[in-house]
Amino acid sequence: MEAEPREILVRAPNWAGDVVMATPGLRALRAAFPGARIAVALRAGLEGLLAGSPRLDELIVLRKDRAGLPARLREAAALRSRRFDLGLSLPDSFSAALFLRVSGARCVVGYARNGRRLLLHRAVPLPGGGRGRVMLPREQHVLGLMEAVGAAPRGTGLELFVTASEEEALGRLLAARGVAEGRPLA
C-alpha cells in the first residue's frame, strides 16, 4: 500500500461459517491499521456474528440476496460518499469485486480469479502460483489477502464476541430459570 488507509471497506463472505473463519483476517487488519475506520459489509442475518467485535468500527448490513444484483449495486453506490481508501473482497466472486468498485473504494484488492481481474486495482495471485487450485483452510485464504495489504497474521484462532445487550439478555434468561449469577453452568 502506498499510504496507510484511513477508511477500509471489507466485503465479508456470504456464508456464516466463512464469516467466522474470516475473523483472524479482521484481527490482522485491525492490528496493521489501528487508526483506520474499518467497515464490514455483509448479508442480512449474519451481522450477529461480528456484532461487538473490537476489530471493526461498523457493520453495513446488506439486504437479502433476493433483491438481486441491481439492488446490491444501488447499495454499493450509496457508499460512494464514504470515500473508502481500501476495499477488500473476501469472497472470490465477481459480484463482490463489482460491489467494491461501485462503492468507489480507491484501491480494490482481491484474489485474481473468476474473471474479475479487471475489477481489482490489486489482483493478488492465488496461493500456489496458479498451478491449479490449492486447497487452504478459509482462514489462511483470508490471511493471505490481508498479508497482501501489509497486515501480518496474528494467529488463526477464530473469534466471536458477545455484546452487552446479549449478556444482559442471558442474565435475565438464567435468572428467570433460577440460575444464580456467577454459578457454573457446566
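Residues numbered from 1 in each chain as written. Predicted model: local features only at pLDDT ≥ 70, side-chain atom pairs only at ≥ 80, totals over all residues. Heavy atoms only, no water.

Asker: Got a minute to help me understand the pattern of salt bridges in this structure?
Answerer: When the charged atoms of two side chains lie near each other, side chains of opposite charge can form a pair. Evaluated as defined, the whole model comprises ten salt bridges. R106 is the partner of D85 in a salt bridge, and the nearest nitrogen-oxygen pair spans 2.9 Å. One end of the pair, D85, is in the loop between helix 4 (68-77) and strand 4 (86-89); the other, R106, is in the loop between helix 5 (94-102) and strand 5 (107-111), with 21 residues separating them in the sequence. Looking at R106, the relative accessible area reads 39%, which means it is partly exposed. Measuring nitrogen to oxygen at the nearest pair gives 3.9 Å for the salt bridge that ties R116 to D92. Separated by 24 residues along the polypeptide, R116 in the loop between strand 5 and strand 6 (122-124) and D92 in the loop between strand 4 and helix 5 bring together distant segments of the chain. According to the relative accessible area criterion, R116 is buried, its value standing at 0%. Taking relative accessible area as the criterion, D92 reaches 9% and is therefore assigned buried. Here the salt bridges do not stand alone but share partners, grouping R27, R55 and E159 into one network. (Salt bridge = Lys/Arg side-chain N within 4 Å of Asp/Glu carboxyl O. Helix = DSSP H or I, 4+ residues; strand = E, 2+ residues; numbered from the N terminus. Buried < 20%, exposed > 50% of the residue type's maximum accessible area, 1.4 Å probe, protein only.)

Asker: Please clarify how helix 4 should be interpreted in this entry.
Answerer: Along an α-helix, residues three or four positions apart point the same way, because every turn accommodates 3.6 residues. The complete set of buried residues in helix 4 reads A71, R72, E75 and A76. End-on view of helix 4: buried residues confined to an arc of 145°, all on one side of the axis. With respect to the buried face of helix 4, the exposed residues turned more than 90 degrees away are P70 and R74. Packed against the buried residues of helix 4 are strand 1 (7-11), strand 3 (58-62) and helix 5. (Arc of directions from axis to C-beta. Contact = heavy atoms within 4.5 Å.)

Asker: Is there a simple way to think about helix 2 (residues 23-32) in this case?
Answerer: With eight of ten residues buried, helix 2 lies mostly within the body of the structure. The set of residues buried in helix 2 consists of T23, P24, G25, L26, R27, A28, L29 and R30.

Asker: Quick question: what am I supposed to make of unusual backbone geometry here?
Answerer: In most cases, non-glycine residues show a negative phi, while peptide bonds are predominantly trans. Non-glycine residue R83 carries a positive phi angle of around 55°. A residue is classified by how much of its surface remains accessible, and R83, at 53% relative accessible area, is exposed. Here N114, not a glycine, exhibits a phi torsion of approximately 60°, which is positive. Mapped onto the elements of the fold, N114 is located in the loop between strand 5 and strand 6.

Asker: Looking at this structure, how should I read the sheet that holds strand 5?
Answerer: The strands that make up a sheet pair up through hydrogen bonds in the backbone, lying either parallel or antiparallel. Read across the open sheet, the six strands follow the order 3-2-1-4-5-6; overall the sheet is parallel. The open sheet has two edge strands, strand 3 and strand 6, and neither has a second partner. This sheet shows a mean twist of 20° between the axes of neighbouring strands, independent of strand direction. Sitting on the sheet, helix 6 (residues 138-148) touches strand 4, strand 5 and strand 6, and the angle it makes with strand 5 is about 145°. (Pairing = 2+ DSSP bridges. Axes fitted to C-alpha atoms, helices over the stretch in contact; angles between N-to-C directions.)

These results come straight from atomic positions and should not be treated as a statement about function.
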